[in-house]
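Here are the chains, one letter per residue:
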Amino acid sequence: MGLEARAIVPLEPTSSEGFIASAERDSIELEFVEVEGPLRINTTLLHEGKTTKINAAAQPWSPKEAKRIAETFLSLAKKSEFAVIGGTLPPATPAGWITDLVAEASKRCRIVVDSSGVNLREAIAARPYLIKPNKEEAQELLGRSILDVVDAADAAHGVDHPGRTGRCEEPDLLAPRD
């Protein structure tokens, strides 16, 4: 797409050579924030047309690590048009950490959140520019099933859109707030 992108990666460098080599091979620019725990590795298996996800547990960040990660993100956000927060936060991340990060970063650029569960709910409270739940995440967020395209359009109406005071007029769950 011709856009410059950089990924902020909290990682323990001595056990992450494979990850770093893979990113370099794919020309992905990384901004490292050193943490003590090992990198969380997730794997998706495909067998006979079905996928199975194996998600490793993340190591908790220390308060100093969480602060450095937020500072790095905010520093880069002020130089960006868009910033994406994706994935699952490690256990023991302070309550409100993602809410505060989204709220502060939103003053600097447009924030996109691709997360789930409590992280997604907390991020929505800070009114990001855009959220990107998958089907399962949207079902959990709304507390109901999404069985087809009609349900998906209805689900988009069911989420208070981040820039509006009421329900959406059109199915624009993935549309920007302005």
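The shown structure was predicted, so the numbers you read here are calculated from the model rather than taken from an experiment.

Caption draft 1: Geometry of helix 5 (residues 135–142). Within the sequence span of helix 5, burial applies to Glu137, Ala138, Gln139, Leu141 and Leu142. The N-cap residue of helix 5 is asparagine 134: its side-chain oxygen and the backbone nitrogen of glutamate 136 are 3.0 Å apart. Positive backbone phi, approximately 75°, marks glycine 143, located one or two places after helix 5.

Caption draft 2: Seen up close, the sheet that holds strand 7 (residues 130–131). The 3 strands lie next to each other as 5-6-7, forming an open sheet whose pairing is parallel. The two strands at the open ends of the sheet, each matched to only one other strand, are strand 5 (82–86) and strand 7. Bridge count between strand 5 and strand 6 (residues 110–114): 5 bridges; the pairing is parallel. Each bridged residue has a counterpart across the sheet, and for isoleucine 85 the counterpart in strand 6 is valine 113.

Caption draft 3: Up close: the side chain of threonine 72. Inspection of the secondary structure puts threonine 72 in helix 2 (residues 63–77). The contacts of threonine 72, once residues within four sequence positions are left out, are Ile8, Glu31 and Val33.

Caption draft 4: Local environment of the nonpolar core. Counting residues in each nonpolar core, the largest one holds 25 residues, and the members touching the most others are Trp97, Val102 and Ile111. Only helix 2, strand 5, helix 3 (97–105), strand 6 and helix 4 (117–125) provide two or more residues apiece to this core. Ranked by residue count, the leading element in this core is helix 2, at 6 residues. Val9, Leu11, Ile20 and Ala23 belong to the second largest nonpolar core, which has 5 residues in total.

Caption draft 5: Seen up close, unusual backbone geometry. Even without being glycine, glutamate 48 reaches a positive phi, approximately 50°. What makes glutamate 48 exposed here is its relative accessible area of 72%. Its identity as a non-glycine residue notwithstanding, alanine 92 has a phi of 70°, on the positive side. Looking at the secondary structure, you find alanine 92 in the loop between strand 5 and helix 3. Taking the relative accessible area as the measure of exposure, alanine 92 reaches 66% and is therefore exposed.

Definitions and limits used
- Residues numbered from 1 in each chain as written.
- Predicted model: local features only at pLDDT ≥ 70, side-chain atom pairs only at ≥ 80, totals over all residues.
- Heavy atoms only, no water.
- Buried < 20%, exposed > 50% of the residue type's maximum accessible area, 1.4 Å probe, protein only.
- Helix = DSSP H or I, 4+ residues; strand = E, 2+ residues; numbered from the N terminus.
- Polar contact = N/O pair within 3.5 Å; in protein donor to acceptor, adjacent residues only side chain to side chain.
- Pairing = 2+ DSSP bridges.
- Contact = heavy atoms within 4.5 Å.
- Core = buried A, V, L, I, M, F, W, Y, C linked by side-chain atoms within 4.5 Å.

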